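Summary of structural features
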Amino acid sequence: MSIHSLQNVISFGSKGNCMWDRYRHESKQTICIIGFLILSAKLCKADGHFSEREEEEILKILPHEAHQKRLLIRILEEAYKNPNPIEDDAKNLKSLLQDEHPEFLEFIVAALYKLAHSDHIYSEAEDEDIRSVANIFGITKSFTDQANETIKKYFVKITSSLTNRKKEKVNA
C-alpha cells in the first residue's frame, strides 16, 4: 500500500471504524507511517498546542513528495482530533508491528523526542508521553542516547540513498 492509498484507510467517523483495524493487514511500512503520524499529533497536543513549527518538523522527518503533503496533514488533523490517549495508539502500533521491526519503533521514539523539542517548549506532559511510548515499545535506552543514535543512522541512510541516486543519474 502506498502513501497515495492512505486516504482510503483513515476513518474516525461515527461508524466506529478504527483506522488501526482497517489497515492491520497492510505493509509494515504503511503501518509505521500512520503510527508515526498519529503519535506525533498526540504528542504535539500534549503541551496544549500544535504549532506550525511542529507540523513542519513532522513533515521534514517523514520523507514524502510535495503532492503528498495535504494527505499527510489531513491524517495529522484526524489523529489530533481523536480522543484516545497516546498509549492506546502506541499499543496498537506495537501490536501490529509485533517484534518484526524494532528499528521502526526506535526511530519513532527518537523522532518524537526531536519533535518535542522542535517548538522550544519541552513540557512534562510531552516527556511523560515519550516515556510511555518508549516503555510500550520496550525501548530502555535513555532518550538522549536513543534519539541521537537513531537520528544519526536515519540521516546517514538517507544521505547515502540520495548520493547513490545522484550517481545513478550521472551514470545513466
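The structure under discussion appears in the preceding block.
Here goes a summary of the coordinates provided. (Residues numbered from 1 in each chain as written. Predicted model: local features only at pLDDT ≥ 70, side-chain atom pairs only at ≥ 80, totals over all residues. Heavy atoms only, no water.)

1. Structural notes on the overall build of the protein chain
Looking only at helices and strands, the protein chain features eight helices and zero strands. Ordered by position from the N terminus, the helices and strands of the protein chain form the series α-α-α-α-α-α-α-α. Burial analysis of the protein chain (172 residues in total) assigns 42% to the buried set. Taking the intrachain contacts of the protein chain between residues at least 6 apart in sequence as the baseline, contacts between residues at least 24 apart amount to 72%. For the protein chain, the accessible surface area stands at approximately 9800 Å², while carbon and sulfur atoms represent 50% of it. (Helix = DSSP H or I, 4+ residues; strand = E, 2+ residues; numbered from the N terminus. Buried < 20%, exposed > 50% of the residue type's maximum accessible area, 1.4 Å probe, protein only. Contact = heavy atoms within 4.5 Å. Areas by Shrake-Rupley, 256 points an atom, 1.4 Å probe, with all protein chains shown as cover.)

2. Quick notes on the packing of helix α3 (residues 52-61) against helix α6 (residues 102-118)
Relative orientation and spacing of two packed helices are given, respectively, by the angle between their axes and the distance between those axes. Across the interface, α3 lies against α6 with an axial gap of 9 Å and an inter-helix angle of 150°. One element, α3, and the other, α6, form an angle in the roughly antiparallel class. Taken as a pair, α3 and α6 cross one another with a handedness that is right-handed. When α3 is examined against α6, the residues R53, E54, E57, I58 and I61 are found in contact with a partner set consisting of F107, A111, K114, L115 and S118. Looking at the contact of α3 with α6 residue by residue, the class counts come to five nonpolar, one polar and four charged. (Axes fitted to C-alpha atoms, helices over the stretch in contact; angles between N-to-C directions. Parallel < 35°, antiparallel > 145°, perpendicular 65-115°, else oblique. Left-handed = near helix turned anticlockwise from the far one by under 90°. Nonpolar A, V, L, I, M, F, W, Y, C, P; charged D, E, K, R; others polar.)

3. What to know about the pattern of salt bridges
Using the criterion set out here, one finds five salt bridges in the structure. Measuring nitrogen to oxygen at the nearest pair gives 3.1 Å for the salt bridge that ties R74 to E78. With a gap of four residues between them, R74 and E78 both fall in helix α4 (residues 69-81), about one helical turn apart. Overall, R74 belongs to the partly exposed group, its relative accessible area being 31%. Close ionic contact of D127 with R131 constitutes a salt bridge, the shortest N to O distance being 2.9 Å. (Salt bridge = Lys/Arg side-chain N within 4 Å of Asp/Glu carboxyl O.)

4. So, the packing of aromatic side chains
This model, assessed by the stated rule, comprises three aromatic pairs. Between the aromatic rings of F36 and F107, the centroid separation amounts to 6.2 Å while the plane-to-plane angle is 45°, which identifies the pairing as tilted. Residue F36 is located in helix α2 (residues 28-46), and its partner F107 is located in helix α6; the two are separated by 71 residues in the primary sequence. With relative accessibility at 16%, the residue F107 sits in the buried group. (Phe/Tyr/Trp six-rings, centres within 6.5 Å; stacked < 30°, edge-to-face > 60°.)

5. Side note on unusual backbone geometry
Even without a glycine there, the phi angle at H120 is positive, about 65°. Among the secondary structure elements, H120 is positioned in the loop between α6 and α7 (124-137).

6. A few points about the nonpolar core
Of all hydrophobic cores here, the largest spans 43 residues; its most connected members are L37, L39, L93, I108, V133 and F137. Elements with a minimum of two residues in this core: α2, α3, α4, α5 (86-97), α6 and α7. The element best represented in this core is α2, accounting for 11 residues. In this view, I108 contacts C32, F36, L39, L93 and F137; residues no more than four positions away in its chain are not counted. (Core = buried A, V, L, I, M, F, W, Y, C linked by side-chain atoms within 4.5 Å.)

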